[in-house]
Structure formats: structure tokens, C-alpha cells
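# Structural overview for review
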Amino acid sequence: RTDLQALDPPEFCNNDEARRFSESLCEAAYFLDEAIQQYSLCVFEPPEVEGNEGRCGASERFSCETVPSPPASPPSPSPPPPPPSSPLPSPPPPGVPSPSPSPPLPSTPPPPASPPPSSPPPPFPPPSQPAGCLELETRTDLQALDPPEFCNNDEARRFSESLCEAAYFLDEAIQQYSLCVFEPPEVEGNEGRCGASERFSCETVPSPPASPPSPSPPPPPPSSPLPSPPPPGVPSPSPSPPLPSTPPPPASPPPSSPPPPFPPPSQPAGCLELE
């Protein structure tokens, strides 16, 4: 497919009238959104009445870990062969004076050397990690709740900016994230809206925070002091029965290990069509 943003001037799918009438021209193009390093394929939407103008729309955006390189330039043609050399003149018969030698023919200069084939341009650098990926560590995944939720489901998040913007959700089908964004009401005190940001992909997925360490066991109770000995001549009292020993507190369970990180997102199928 052809990258419409590489044209002069850059275009989008529906700019050219020819692509609005032709499915083959429409679906032979795509464009790259440089701001978020994501791609969209051009998709033809036929008209309701045959012969009218249709629409060349854009597919849902996606990210590619490896970007296809443009085709390499063709090799230079080989130089032409040198011209054949002139045959030597035959010697004159005996008794015939030999003709004066003709001046030598000028030598044909060799053809210029062909330039070396140009090397293909370097591949595009991998897309940088979106800024939203750093915020996932401090937010709650609403799809991990029971039952799973989206941003605007909970009434409390529609009234509170802090509750709304402390959450996000993961679309498991395409492995992309959306942050929850608070949209305040027009009249203060009314219900606002907790919407979703544009979706984005993360190469590395943040791990959930580790569980806090278990509290240390309480110290053992102090031992009772020994009784003082009786004065001389006073019979010693009978010893009191020993107090039952206090059992030690139960050992705290070991801290639970954090769950394994999510697997990396698979390459979208649309990446194969960019070539």
C-alpha cells in the first residue's frame, strides 16, 4: 500500500475524489499518524446507489513493532561491451611499393564506470512508549473487577474527578489501553461524565504493586518477678502452682508473590498489509 502522508502535500483516505469512486484505489493506501506512531488502512465504503460517490474511510488505528522498509532501488545496468578492434591490413604483393602507413585511429575512451547501487534507507526507529503507559502503574484496571466495568459505569466516578482519573481499562481483544478522563458538568453539582481516552498500546506492561509485608509478631509478655525470701523464723509459704505458659503467637503467612506480568501484545494483522 501507499503511505498517503508521504505524498506532497500529505493526504488522508477520503481527500482524493478518485479513491471515493474506486475500491481498488482506496484499499491500496494507508496513512501513519506521526503524533502517536499508529497506522490506519484505507477501507472502501460503497454508495447506496451504484454509480454515485462512495467513501474511502480509515480503519481502526493499530501499532506495529516492525515497520516494513520501502523496496530497494533496482541495480544499475551493466556497461556495454567494447567495440571490436579493426583487422590488420594484408601485406602488399612482391614488387609493389608498400603504401605509406595510415595514421593510427584514436583509441575509444572506456565507458564511464556505473555508480554503485544506492543502499536502502535505514528502517524507521521503533515507536516510543506512549505517555499513558507510565500512568497505568498508579491506576486501577476496571476490567479486573468483579464484575468488570468501564469508566462511566460507576455513579461515583461521574461526580468525582479524582475517582474517575484513578482508573483505566484494557481491551483484551486488541490488547490496547484507555485511561479514564473526567468531563465536568455544565452546571456545577450536576452529574458529569467519566469518559475514555484514545486507545494506545504498551510494549512493556506495568506489574501491579506488590502486597505489603506482614506485620511483625507482638513481643512476649514480661515474666513475673521472683518472690522475696521470708525472714528467718517465719515458715515459708507453700509454693503457688506454676502459671500456665502463654503459647507463642501463630507465625504470620509468607507474603504472596505478585501475579506474572501480562504477555506482550501480538502484532496486528494490518501490519502485514503496509508492504
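Look up: the structure comes first, before these words.
These remarks concern the structure in this document. (Residues numbered from 1 in each chain as written. Predicted model: local features only at pLDDT ≥ 70, side-chain atom pairs only at ≥ 80, totals over all residues. Heavy atoms only, no water.)

### Description of the overall build of the chain
In plain terms, the rule: A run of H or I in DSSP becomes a helix once it reaches four residues, and a run of E becomes a strand once it reaches two; helices and strands are each numbered from the N terminus. Burial classes: relative accessible area under 20% of the type maximum marks a residue as buried, over 50% as exposed, and values in between as partly exposed (1.4 Å probe, protein chains only). Contacts are residue-level and defined by heavy atoms, with any inter-residue pair within 4.5 Å sufficient.
When you go through the chain residue by residue, the secondary structure sums to five helices and eight strands. For the chain, the sequential pattern of α-helices and β-strands runs β-α-α-β-β-β-α-β-α-α-β-β-β. By residue count, 22% of the 275 residues in the chain fall in the buried class. Within the chain, residue pairs in contact and separated by at least 24 positions form 57% of the contacts whose partners lie at least 6 positions apart.

### Let's talk about the state of the cysteines
To keep it simple, the criterion reads: Any pair of cysteine sulfurs within 2.5 Å is marked as a disulfide.
Following the criterion strictly, the structure yields five disulfides and no others. Across the disulfide from cysteine 13 sits cysteine 42; the S-S distance is 2.1 Å. As the torsion about the S-S bond is roughly -85°, the cysteine 13-cysteine 42 disulfide counts as left-handed. Of the two residues, cysteine 13 sits in the loop between strand E1 (2–3) and helix H1 (17–21) while cysteine 42 sits in strand E3 (residues 38–45), which places them 29 residues apart along the sequence. Grouping residues by exposure puts cysteine 13 and cysteine 42 together as buried. Disulfide partner of cysteine 164: cysteine 194, at an S-S distance of 2.1 Å. Judged by the torsion about the S-S bond (90°), the cysteine 164/cysteine 194 disulfide is right-handed. Of this pair, cysteine 164 sits in helix H5 (residues 161–164) while cysteine 194 sits in strand E8 (residues 193–196), and the two are 30 residues apart along the sequence.

### As for the sheet that holds strand E4 (residues 55–58)
Spelled out, the test is: Pairing between strands requires that DSSP locate at least two bridges from one strand to the other.
Across the sheet, four strands lie side by side as E1-E2-E3-E4; this open sheet has mixed pairing. Of all strands in the sheet, those bounded by a partner on one side alone are E1 and E4. In terms of strand pairing, strand E2 (residues 29–33) meets E3 through four bridges, oriented antiparallel. Note on E3: the bridge partner recorded for tyrosine 30 is leucine 41.

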